[in-house]
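# Per-entry structural report
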Amino acid sequence: MKKILTYGTFDLLHEGHINLLKRAKEKGDYLIVGLSNDAFNNIKNKQTYFSFETRKLILESIRYVDLVIEEKNWEQKISDVIKHEIDVFVMGDDWKGEFDFLMEYCEVQYLPRTLGISTTKIKQDLFRKAHV
């Protein structure tokens, strides 16, 4: 069985998230998603609309996702790759080069982002609409 791993916050789920998860799943048989918990998002200065538990519930209902694990810090990636016997680590290409250190443990691939959509853009659009 070929195992794939990706990470993210996955707040305000949108087409770009689904595209990433679908393309990641196409790389193997079993997709594990490391989901940033609320405390870790605070460290990264990311505000989420949905709680960790809600985002986890949503991810678990997506057919491409086989397992959701909690991401608590930057440092856990190597141990997650080893613990879950990961074959391919996948991230969006906005992270290109950032996780090359994992090449010692598994294949690393950066996938193109879906153009024109992001959680940040959704939040900006909603803010603009509210202030017009």
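Look above for the structure.
To keep things clear, this report deals only with the structure shown in the data block.

Cut-off values and rules
Residues numbered from 1 in each chain as written. Predicted model: local features only at pLDDT ≥ 70, side-chain atom pairs only at ≥ 80, totals over all residues. Heavy atoms only, no water. Helix = DSSP H or I, 4+ residues; strand = E, 2+ residues; numbered from the N terminus. Rg over C-alpha atoms; globule rule 2.2 N^0.38 Å. Contact = heavy atoms within 4.5 Å. Areas by Shrake-Rupley, 256 points an atom, 1.4 Å probe, with all protein chains shown as cover. Core = buried A, V, L, I, M, F, W, Y, C linked by side-chain atoms within 4.5 Å. Buried < 20%, exposed > 50% of the residue type's maximum accessible area, 1.4 Å probe, protein only. Pairing = 2+ DSSP bridges. Axes fitted to C-alpha atoms, helices over the stretch in contact; angles between N-to-C directions. Polar contact = N/O pair within 3.5 Å; in protein donor to acceptor, adjacent residues only side chain to side chain. Phe/Tyr/Trp six-rings, centres within 6.5 Å; stacked < 30°, edge-to-face > 60°. Lys NZ or Arg CZ within 6 Å of the ring centre and 35° of its normal.

### Notes on the overall build of the chain
Counting its secondary structure elements, the chain contains five helices and five strands. Shown N-terminal to C-terminal, the secondary structure of the chain runs as helices and strands in the order β-α-β-α-α-β-α-β-β-α. Over its C-alpha atoms the chain spans a radius of gyration of 15 Å, differing by no more than 12% from the 14 Å that the globule rule assigns to 132 residues. Referenced to the eigenvectors of the C-alpha coordinate spread, the extents of the chain come out at roughly 50 × 30 × 30 Å. Contacts in the chain between residues at least 24 apart in sequence constitute 64% of all its contacts with a sequence separation of at least 6. For the chain, the accessible area works out to roughly 7,800 Å², and carbon and sulfur atoms hold 53% of it.

### Quick notes on the nonpolar core
Phe10, Leu21, Leu31, Val33, Leu59, Val65 and Val90 are the most contacted members of the largest nonpolar core, which totals 17 residues. For this core, the secondary structure elements donating two or more residues are α1 (15-25), β2 (30-36), α3 (52-60) and β4 (88-92). Setting aside residues no more than four positions away along its own chain, valine 65 makes contact with Leu21, Leu31, Val33 and Leu59. With 13 residues, the next largest nonpolar core counts Leu5, Ile69, Val108 and Tyr110 among its residues.

### Some points on the sheet that holds strand β1 (residues 3-8)
Spatial strand order, β3-β2-β1-β4-β5: five strands in an open sheet with parallel pairing. A strand with exactly one partner marks an edge of an open sheet, and here the two such strands are β3 (67-71) and β5 (107-111). Between one strand and the next, the sheet's axes are offset by a mean angle of 25°, whatever the strand orientation. Of the pairings in the sheet, the one linking β1 to β4 comprises two bridges and is parallel in character. Residue pairing in the sheet places leucine 5 in a bridge with phenylalanine 89 of β4. Across the sheet, α1 lies against β1, β2, β4 and β5, angled at about 140° from β2, the strand it touches most. Packing of α3 onto the sheet brings it into contact with β2 and β3, and relative to β2 it is tilted by some 165°.

### A few points about the environment of threonine 114
Residue placement: threonine 114 occurs in the loop between β5 and α5 (119-130). Along the chain, threonine 114 and isoleucine 82 lie 32 residues apart, while their C-alpha atoms are 29 Å from each other. Those residues in contact with threonine 114 that sit more than four places away from it in its chain are Glu15, Gly16, Asn19 and Arg23. At 2.9 Å, the side chain of threonine 114 forms a polar contact with the side chain of asparagine 19.

### Things to note about the packing of aromatic side chains
Considering all chains together, one arrives at seven aromatic pairs under this definition. Pairing phenylalanine 89 with phenylalanine 99 gives two aromatic rings, centres 5.3 Å apart and planes at 55°, and the pair type is tilted. You can see phenylalanine 89 sitting in strand β4 and its partner phenylalanine 99 sitting in the loop between β4 and β5, a full ten residues away along the chain. Phenylalanine 99 matches phenylalanine 89 in its accessibility class, with the two residues each being buried. With a centroid separation of 6.2 Å and an interplanar angle of 55°, the aromatic rings of phenylalanine 99 and phenylalanine 101 are classed as tilted. Exposure remark for phenylalanine 101: the relative accessible area of 41% places this residue in the partly exposed category. Here the aromatic residues Tyr7, Phe40, Trp74, Phe89, Trp95, Phe99 and Phe101 are joined through ring pairs into a cluster of three or more. Looking at lysine 44, its charged tip hangs above the ring of tryptophan 74, at a distance of 5.6 Å from the centre. The side chain of lysine 77 reaches across the aromatic face of tyrosine 7, ending 4.4 Å from its centre.

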